[in-house]
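A look at the structure
Each chain is listed here by its residues.
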Amino acid sequence: MPTRRRLLAWGAAAAAAGPGLAACGETAGAARMTRASRRRPGQRAHLVMWTWVPLRKAVALWNRKHPDIQVTVQMVPANTSGGYQKMHSAVQAGNPPDLAQIEYWALPEFMLSGALTDISAYGADTLKDRYVDWQWQQGVFAGATYAMPQASGPMGFFYRKDLYEKWDVEVPRTWDEFRAAARKIKKRSGGSYISAFPPANAQWFSSFPWQAGARWIRTEGDTWIVDLTGEESRRVADFWNALLRDGLVLPTQDSQSAFFKALQTGRLASWPGAQWQDALIRGNAPGTTGRWRVTELPQWERGAHASSNWGGSATAIMQGTRYPREALEFAHWLNSAPESIDLLVAAGYGWPAAKLELAGSALGRPDPFFGGQRYNDVFQRSDRHVDTSWRFSPTTTQSYARIQDNFGRVLAGHGGLRDALRDAERSFVDDLRAKGLKARAAS
């Protein structure tokens, strides 16, 4: 069994072959290790899954079809709102759930604490070809698989077709056109904006340096390299900083009541966001049915099709489960069975990790809310153009929080976004070193 010291030393080197850290599933930090229990003939396996995603209908279908493996869904607070801390505490206390919803960016953190089960030992790798490769790789560390991919969030551009036509504004195909459209909307609308800028959402912001070709995290040997101030990131920071300075975007937090009200009333005419936000827009701006359309993100280079990702989750089998094989069987069905995917799509869970024919799924249908557009064709193309070399560190939670704190100060009038990223880069390095990892800034 590798020690925690060896786990930390392996971390950066493993990131070169896959995201995050290397580790054996039987590692220090868990109060109870995974052990497969033998079931007597006719004995049921009872599994518990913690999630904040509306999976109940899919799980109910599983339970009807699989009376010998019953799954209970327990809702927990979303991610950093308390869900992840609850998961870590449960693993340490020796009473973990069998499965848990964990976002891709948080998987390295859970690997570092020894909270995940090596499911390669139970046959997970034989299922790899059923999934989109880059999503599968999010759960692979040092050649072993620790989580089943569920969904991602390829980026696109949601816009109000009626408002763009009313104000005679061209839908932007480049970021330069986005800035020009922002000026026209401000001038012609009498109080609307092209987009919001949410200061407390580093993941949303990071999707733009990602699209531009930045690499916030990489490795050299056993050292983590942090680069929040490279040319691509500076370009993005300066772009949004100018929009804020000129009052061309609305500084408000996304996914809150003021944001949804702005979508409903037309104060926000568009939004560069992830595929899974279709359900949020539909559910919180019902009076805008038929008025929305989707196109790809504006590009830095005309004619390009670069994209990125915001969000995405895996179904992880937690360290300490007594039914790893059964948990894997359920996790695979949940994330790949067509009947399950259709139920998850209806619940707005995101872009599937499983390979599928779009035309034969619920995602491929024309949608009245989007004016009859087969809008997921846009996100399918976006998913194909996501730069899959982007990586996450085992300190993403606290490091991204530092970016958000710095952005908050910018909106309060202290410095610019480029300064905020420079200060966050130093903190990012400190966070990694505090975990016992070698780290330095790129410059």
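Residues numbered from 1 in each chain as written. Predicted model: local features only at pLDDT ≥ 70, side-chain atom pairs only at ≥ 80, totals over all residues. Heavy atoms only, no water.

Some points on the environment of Arg 391
Condition: Strands here mean DSSP runs of E at least two residues long; helices mean DSSP runs of H or I at least four residues long; both are numbered from the N terminus. A 3.5 Å cut-off defines polar contacts: any pair of N or O atoms within that distance qualifies, except that in protein one atom must be a possible hydrogen donor and the other a possible acceptor, and neighbouring residues in sequence count only when both atoms are side-chain atoms.
Tracing the chain through its elements places Arg 391 in the loop between α14 (376–384) and α15 (396–411). In the structure, Arg 391 is positioned 172 residues away from Thr 219 in sequence and 9.8 Å away in space, judged by C-alpha atoms. Of the polar contacts made by the side chain of Arg 391, one reaches the backbone oxygen of Thr 388; its length is 3.0 Å.

With respect to the packing of helix α9 (residues 231–245) against helix α16 (residues 417–434)
The condition that has to hold: To get an axis, fit a line to the C-alpha atoms, keeping to the stretch in contact for a helix; angles then go from 0 to 180 degrees between the N-to-C directions. Here roughly perpendicular refers to angles of 65 to 115 degrees, roughly parallel to angles under 35, roughly antiparallel to angles over 145, and oblique to all remaining angles. Here, two residues are considered to be in contact whenever any of their heavy atoms come within 4.5 Å of each other. Gly counts as polar in this scheme, as do all residues outside two lists: the nonpolar Ala, Val, Leu, Ile, Met, Phe, Trp, Tyr, Cys and Pro, and the charged Asp, Glu, Lys and Arg.
Contact geometry for α9 and α16: axes closest at 8 Å, N-to-C directions at 135°. Judged by the inter-axis angle, α9 sits oblique to α16. Touching Ser 233, Arg 234, Ala 237, Asp 238, Trp 240, Asn 241 and Leu 244 of α9 are Leu 417, Arg 418 and Leu 421, all from α16. A per-class count over the contact of α9 with α16 returns five nonpolar, two polar and three charged.

Let's talk about the pairing of strand β8 (residues 223–226)
Residues in a regular strand point their side chains to alternate faces of the sheet. What counts is decided by this rule: Think of it in three bands: with a 1.4 Å probe and only protein chains considered, a residue is buried below 20% of the maximum accessible area for its type, exposed above 50%, and partly exposed in between. Any two strands between which DSSP finds at least two bridges are classified as paired.
In β8, alternate side chains face the same way, and those of Thr 223 and Ile 225 on one face and Trp 224 and Val 226 on the other are all buried. Here strand β7 (residues 217–220) runs beside β8; their pairing, made up of four bridges, is antiparallel. Residue pairing across strands places Thr 219 opposite Trp 224, the latter belonging to β8. Linking β7 to β8, which pair antiparallel, is a turn of two residues; within it Gly 221 sits at a positive phi near 60°. With four bridges joining them, β8 and strand β13 (residues 438–441) adopt parallel strand pairing. From the neighbouring strand, Trp 224 faces β13, where its bridge partner is Ala 439.

Describing the confidence of the model for the protein chain
Note the cut-off: One number per residue, pLDDT, summarises how confident the predictor is, and it ranges from 0 to 100.
Per-residue confidence for the protein chain gives a mean pLDDT of 91; residues scoring 70 or more make up 93%. Considering only residues more than four positions removed or in separate chains, one finds that residues 1–20, a stretch of pLDDT under 50, has 52 contacts. In the model, residues 22–28 has pLDDT below 50 throughout and makes 32 contacts with residues more than four positions away in sequence or in other chains.

Describing unusual backbone geometry
Unusually for a residue other than glycine, Asp 168 sits at a positive phi of about 55°. Within the secondary structure, Asp 168 is located in the loop between α6 (161–166) and α7 (175–189). In this structure, Ser 255 is a non-glycine residue whose phi angle is positive, near 60°. Using a relative accessible area of 35% as the deciding quantity, one classes Ser 255 as partly exposed.

Structural notes on the packing of aromatic side chains
Stated precisely, the cut-off is as follows: Ring geometry is summarised as follows: Phe, Tyr and Trp rings, the Trp one being its six-membered ring, pair when their centres sit within 6.5 Å, and such pairs are stacked at plane angles under 30 degrees, edge-to-face over 60 and tilted between the two.
All told, the structure shown has 41 aromatic pairs when counted by the stated rule. Taking the centre distance of 5.0 Å and the plane angle of 80° together, the rings of Phe 205 and Phe 407 count as edge-to-face. Placement of the pair is Phe 205 in helix α8 (residues 202–212) and Phe 407 in helix α15, with a sequence separation of 202 residues. Summarising the burial analysis for this pair, Phe 205 and Phe 407 share the class buried.

Describing helix α12 (residues 324–336)
Since the α-helix packs 3.6 residues into each turn, any two residues three or four apart lie on the same face. Filter applied, for reference: Multiplying 1.5 Å by the helix residue count minus one yields the expected span of that helix.
Look at α12: 18 Å from first C-alpha to last across 13 residues, which is about the 18 Å you get at 1.5 Å a residue. Of all 13 residues in α12, eleven are buried, a share of seventy percent or more. The set of residues buried in α12 consists of Pro 324, Glu 326, Ala 327, Leu 328, Phe 330, Ala 331, His 332, Trp 333, Leu 334, Asn 335 and Ser 336.

Focus on the sheet that holds β7
The three strands are arranged β7-β8-β13 in an open sheet whose pairing can be described as mixed. Each edge of the open sheet carries a strand with a single partner, namely β7 and β13. For this sheet, the mean inter-axis angle between neighbouring strands, taken without regard to orientation, is 30°. Here α16 sits on the sheet in contact with β7, β8 and β13, set at roughly 175° to β13.

A few points about the pattern of salt bridges
Operational definition: For this analysis, a salt bridge means a side-chain nitrogen from Lys or Arg found within 4 Å of a carboxyl oxygen belonging to Asp or Glu.
One pass over the full model with this rule turns up 19 salt bridges. Taking the shortest distance from any N to any O, the salt bridge between Arg 422 and Asp 419 comes out at 3.0 Å. Of this pair, Arg 422 and Asp 419 both sit in helix α16, three residues apart, which is roughly one turn of the helix. On the basis of relative accessible area, Asp 419 is assigned to the partly exposed category, the value being 30%. The structure contains a network of salt bridges with shared partners spanning Arg 218, Glu 220, Asp 227 and Arg 440.

Topic: α8
Of all the eleven residues making up α8, ten are buried; the element is thus mostly covered by neighbouring parts of the structure. Every buried residue belonging to α8 is among Ala 202, Gln 203, Trp 204, Phe 205, Ser 206, Ser 207, Phe 208, Pro 209, Trp 210 and Gln 211, and all of these are buried. Just beyond α8, the residue with positive phi is Gly 213, at close to 105°.

So, the packing of α15 against α16
In plain terms, the rule: Handedness of a helix crossing follows the sense of rotation of the near helix relative to the far helix, less than a right angle counterclockwise being left-handed and clockwise being right-handed.
The contact between α15 and α16 brings their axes to 9 Å, and the two run at 155°. In terms of their interaxial angle, α15 and α16 are classed as roughly antiparallel. Our pair here, α15 against α16, has a crossing hand that is right-handed. Touching Gln 398, Ser 399, Tyr 400, Arg 402, Ile 403, Asn 406, Phe 407 and Val 410 of α15 are Leu 417, Ala 420, Leu 421, Asp 423, Ala 424, Ser 427, Phe 428 and Asp 431, all from α16. When its residues are assigned to classes, the contact of α15 with α16 shows nine nonpolar, four polar and three charged.

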